[in-house]
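Residues per chain, in single letters:
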Amino acid sequence: GIGVEEWDLSSVQSFQRAFQTCTVFNGNIGGWSMASQTDMRYMFENCSALNQDISAWGTNDGGMNTSSADFRDMLDNTAMSVENYSKWIICLANWAYDNSYTTAETLGGVGLSYNSTTYNGIGSGQYTDATAAATYLEGLGWTIGGTDLG
């Protein structure tokens, strides 16, 4: 078999509950294509081992689908580190900014934290720290789960 890092997901639209409550999953998923995704609700909710950098999802294979996206409860109660969750928020802000995506979303991040550490090389680079990125998204009506550590 092939490892999860080699899965071709470029045509998958719904990831709803795909890994929900999977307590051992922590595969290298940063290279996955999310070009067709429209639904990430509960994707990794309660996936207590997950701690991966998924910040490239916004640009891999042309980036994430902008016609529809749902991130509700996506990362609730995962093991996502402050660094990896911060990078994901930066990714989403740059993705929204670059694509003029203005739909209000709810980003699930219960139990997670993010901070203002600068991370370069994520998307266009319009936003480089998660505190500023979250502020931008909240200005679009997003609800950002988790705690801002500043």
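For the structure, check the block above.
Criteria and thresholds
Residues numbered from 1 in each chain as written. Predicted model: local features only at pLDDT ≥ 70, side-chain atom pairs only at ≥ 80, totals over all residues. Heavy atoms only, no water. Helix = DSSP H or I, 4+ residues; strand = E, 2+ residues; numbered from the N terminus. Rg over C-alpha atoms; globule rule 2.2 N^0.38 Å. Buried < 20%, exposed > 50% of the residue type's maximum accessible area, 1.4 Å probe, protein only. Lys, Arg positive; Asp, Glu negative; His and termini not counted. Charge placed at Lys NZ, Arg CZ, Asp CG, Glu CD. Contact = heavy atoms within 4.5 Å. Polar contact = N/O pair within 3.5 Å; in protein donor to acceptor, adjacent residues only side chain to side chain. Salt bridge = Lys/Arg side-chain N within 4 Å of Asp/Glu carboxyl O.

Draft legend 1. Representation of the overall build of the protein in the model. Within the protein one finds 2 helices and 4 strands. Secondary structure of the protein in N-to-C order comes out as α-β-β-α-β-β. Computed over the C-alpha atoms, the radius of gyration of the protein is 14 Å, within 12% of the 15 Å expected from 2.2 N^0.38 for a compact globule of 150 residues. The dimensions of the protein, computed from C-alpha atoms along their principal axes, are 40 × 30 × 25 Å. In the protein, buried positions account for 47% of the 150 residues. Counting 4 positive and 16 negative side-chain charges, the protein places the averaged centre of each group 8 Å from the other.

Draft legend 2. Up close: the environment of glutamine 52. Considering the arrangement of structural elements, one finds glutamine 52 in the segment before helix H1 (82-98). Residues glutamine 52 and leucine 107, spaced 55 residues apart in sequence, show a C-alpha to C-alpha distance of 17 Å. Leave out the neighbours within four places in its chain, and glutamine 52 touches Asn26, Gly27, Asn28, Ile29, Met80 and Asn84.

Draft legend 3. Structural context of the side chain of asparagine 94. Secondary-structure assignment places asparagine 94 in helix H1. A polar side-chain atom of asparagine 94 sits 2.8 Å from the main-chain amide nitrogen of tyrosine 127.

Draft legend 4. Local environment of the environment of alanine 104. By the element assignment, alanine 104 lies in the loop between H1 and strand S1 (106-107). Distance in space between the C-alpha atoms of alanine 104 and alanine 69 is 9.8 Å, their sequence separation being 35 residues. With residues up to four places along the chain from it excluded, the contact list for alanine 104 reads Leu140, Gly141 and Trp142.

Draft legend 5. The pattern of salt bridges, seen in detail. The final tally for this structure, using the stated rule, is 5 salt bridges. Note that lysine 87 is salt-bridged to aspartate 53, the shortest N-O span being 3.5 Å. Remark: aspartate 53 occurs in the segment before H1 and lysine 87 occurs in helix H1; sequence separation between them is 34 residues. Note on lysine 87: relative accessible area 14%, which makes it buried. For lysine 87, the salt bridge goes to glutamate 83, with nearest N and O atoms at 3.0 Å. Of this pair, lysine 87 and glutamate 83 both sit in helix H1, separated by 4 residues, roughly a single helical turn. Assessed through its relative accessible area of 38%, glutamate 83 is described here as partly exposed. Taken together, the shared-partner salt bridges connect Asp39, Arg41, Asp70 and Arg72 into one network.

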